[in-house]
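Analysis of the macromolecular model
As a plain string of letters, each chain reads:
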Amino acid sequence: GEEEVVDEVTFLYKLCHGSSPRSYGINVARLAGLPAYVLALAQAQSKRFEHSMQLQQTSADEAEDLQLHKRRVCVVFDRLTSIIPMI
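Below you will find a few notes about this structure. (Residues numbered from 1 in each chain as written. Predicted model: local features only at pLDDT ≥ 70, side-chain atom pairs only at ≥ 80, totals over all residues. Heavy atoms only, no water.)

1. Here's the deal with the overall build of the protein chain
- On a plain count of helices and strands, the protein chain comes out with two helices and zero strands.
- Within the span of the protein chain, comprising 87 residues, buried residues form 5% of the whole.
- Within the structure as shown, the protein chain displays about 8800 Å² of accessible surface, and the carbon and sulfur contribution to it stands at 61%. (Helix = DSSP H or I, 4+ residues; strand = E, 2+ residues; numbered from the N terminus. Buried < 20%, exposed > 50% of the residue type's maximum accessible area, 1.4 Å probe, protein only. Areas by Shrake-Rupley, 256 points an atom, 1.4 Å probe, with all protein chains shown as cover.)

So, in structure tokens, the structure goes:
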């Protein structure tokens, strides 16, 4: 007998809010038979995007560190002013 073909894709990952550290879109495009030059362009753009995201994350981490440092300075200052009378 002839086997029935099912046109479905089963995803084995849970979808969550936020971004993914990796994309499998290029692999899907390759499986779909897109031309090699399209895949190469997509790969180059993906690398540029990943690099820009890494830079944004670094900037965000640095800003968070600065805010944490400012809060610590305020706490230390508050403690010192409660111990040492202001003249």
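2. A word on a negative patch on the surface
- A cluster of acidic side chains, namely Asp61, Glu62, Glu64 and Asp65, defines a negative patch on the protein surface.
- Along the chain, aspartate 65 falls in helix 2 (residues 36–83). (Patch = residues over 30% accessible without salt bridge, like charges linked within 9 Å, V, L, I, M, F, W, Y side chains within 5 Å. Salt bridge = Lys/Arg side-chain N within 4 Å of Asp/Glu carboxyl O. Lys, Arg positive; Asp, Glu negative; His and termini not counted. Charge placed at Lys NZ, Arg CZ, Asp CG, Glu CD.)

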